[in-house]
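Below, each chain spelled out in residue letters.
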Amino acid sequence: MSTSGVTVDRDKETGVAVVTLDRAEKHNAITLDMARELGAAWRGFRYEDDVRAIVVTGAGGRAFCTGIDREAAGNVPQPSSPYTIDDPLLAIGPKANDLWKPVIAAVEGMACGGAFYLLGESEFLIAGEDAGFFDPHTTYGMVSAFETVHMAQRMPHGEVARMALMGGAERISARRAYETGLVSEVTEPGGALAAAREAAAVIASYPTEAVQGTVRALWSVKETARAQALAHAPHLVALGNLPGDRQAELFTRRRTGFRTR
């Protein structure tokens, strides 16, 4: 059990570990402590030979993750240069921490904003029927750069563009996410974790060298383009984001809901 909001459970019999964002009362929004612990967990798995596949999920069923905790974001000082940015979520994913063991994301409820740092570095996603995906950045005067780069590796360009540009006004249903290739399997509500565990156990039963080599090969296909795109992202965020006080004004405006497709 972790006091930071991240829990890790290991099943030695199957070789599967489950990493849970365990802050259900805050929709599993990521604090700075959680960001550090996620990075440490992924790095640690590199040395755990008994862990051969990993599932990442969120507690509570209402949300997988809603990105960085807004209070935590306000505590991160930013350099004045438009050529750099301090983003505490950059290293919360497995690939950013040089982990090439397979990771499956089990999504229930909302997955939005900074959640895509984790979803974008998973091998594939399994979602409950009630899951919903959206990216509210533009709604609140923020550039969606890192998130769109991650999602552009998984979804058709037009679908990523629509999600990012529609902001908080529209959510992608689990069924639509399956149709566009973001999600590989849709389960009954509440069933995503069990399905992800089952898939991970199958993968973990295979020779680990072959599995990790396959993961690495798949990522090498898109690694160059992804790295170049991510290199541009800090500049776009620094130049395009509204000042913090103007973002805060947009956050406080009452909104009348959203449409799901």
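The coordinates are above.
The following paragraphs examine the structure supplied in this document. (Residues numbered from 1 in each chain as written. Predicted model: local features only at pLDDT ≥ 70, side-chain atom pairs only at ≥ 80, totals over all residues. Heavy atoms only, no water.)

1. A few points about the environment of Met-34
Put simply, the rule is: Secondary structure elements follow DSSP: runs of H or I no shorter than four residues count as helices, runs of E no shorter than two count as strands, and numbering proceeds from the N terminus. Between two residues, a contact is recorded if the distance between any of their heavy atoms is within 4.5 Å.
When you line up the elements, Met-34 lands in helix H1 (residues 32-45). Other than its neighbours up to four places away in sequence, Met-34 contacts Ser-4, Gly-5, Val-6, Leu-21, Arg-23, Asn-28 and Ala-29.

2. Overview of the sheet that holds strand S7 (residues 124-128)
As a reminder of what qualifies: A pair of strands is considered paired only if DSSP assigns at least 2 bridges between the two. Only C-alpha atoms enter the line fits that serve as axes; for helices the fit covers just the stretch in contact. Angles between N-to-C directions range over 0 to 180 degrees.
On the basis of which strands lie adjacent, the open sheet formed by six strands has the order S1-S2-S3-S5-S7-S10 and mixed pairing. With partners counted over all chains shown, the strands left at the sheet margins are strand S1 (6-11) and strand S10 (185-187), one partner each. Direction aside, neighbouring strands of the sheet carry axes that sit 20° apart on average. Where S7 meets S10, three bridges bridge the pair, whose relative direction is parallel. Paired with Gly-128 across the bridge in S10 is Thr-187. Lying over the sheet, H1 contacts S1, strand S2 (16-21), strand S3 (53-58) and strand S5 (103-107), oriented at roughly 170° with respect to S2. Its contacts with the sheet put helix H7 (residues 192-204) on S2, S3, S5, S7 and S10, and the angle it makes with S5 is roughly 170°.

3. Some words on the layout of surface pockets
This is how the line gets drawn: The distinction between a cavity and a pocket rests on a 1 Å grid over the protein atoms alone: a 1.4 Å probe fits inside a cavity but cannot get out, while a pocket stays open yet meets protein on both sides within 12 Å along at least five of seven lines, and a residue with an atom within 4 Å of a point counts as lining. Grid points are joined across faces, edges and corners, and a volume is the space filled by probe spheres set on the points. Just so you know the grouping, Ala, Val, Leu, Ile, Met, Phe, Trp, Tyr, Cys and Pro go in nonpolar, Asp, Glu, Lys and Arg go in charged, and all remaining residues, Gly too, go in polar.
Put simply, the second largest pocket is a space of about 200 Å³. Around the second largest pocket sit Leu-90, Lys-95, Ala-96, Trp-100, Tyr-117, Glu-121, Phe-146, His-150, Glu-223, Arg-226, Ala-227 and Leu-230, which together line it. Listed by contribution, the elements that provide at least two residues to the lining of the second largest pocket are helix H4 (146-152) and helix H8 (208-240). The biggest single contributor to the lining of the second largest pocket is H8, with four residues. Considering only residue class, the lining of the second largest pocket consists of seven nonpolar, one polar and four charged.

4. Things to note about the pattern of salt bridges
The condition is simple: Every case where a carboxyl oxygen of Asp or Glu lies within 4 Å of a side-chain nitrogen of Lys or Arg is listed as a salt bridge. Only protein chains enter the accessibility calculation, which uses a 1.4 Å probe; a residue whose area is less than 20% of its type maximum is buried, one above 50% is exposed, and one in between is partly exposed.
Under the criterion given, the structure shown has 14 salt bridges. The residue Lys-95 makes a salt bridge to Glu-123 at a minimum N-O spacing of 3.1 Å. You can see Lys-95 sitting in the loop between helix H2 (70-73) and S5 and its partner Glu-123 sitting in the loop between helix H3 (115-119) and S7, a full 28 residues away along the chain. A salt bridge links Arg-261 to Glu-170; its shortest N-O distance comes to 2.7 Å. Of the two residues, Arg-261 is situated in the segment after strand S11 (259-260) and Glu-170 in strand S9 (residues 170-173); the sequence distance between them amounts to 91 residues. Grouping residues by exposure puts Arg-261 and Glu-170 together as buried. Shared partners join several salt bridges into a network, and the residues in it are Glu-159, Arg-162, Glu-170, Arg-176, Glu-179, Arg-259 and Arg-261.

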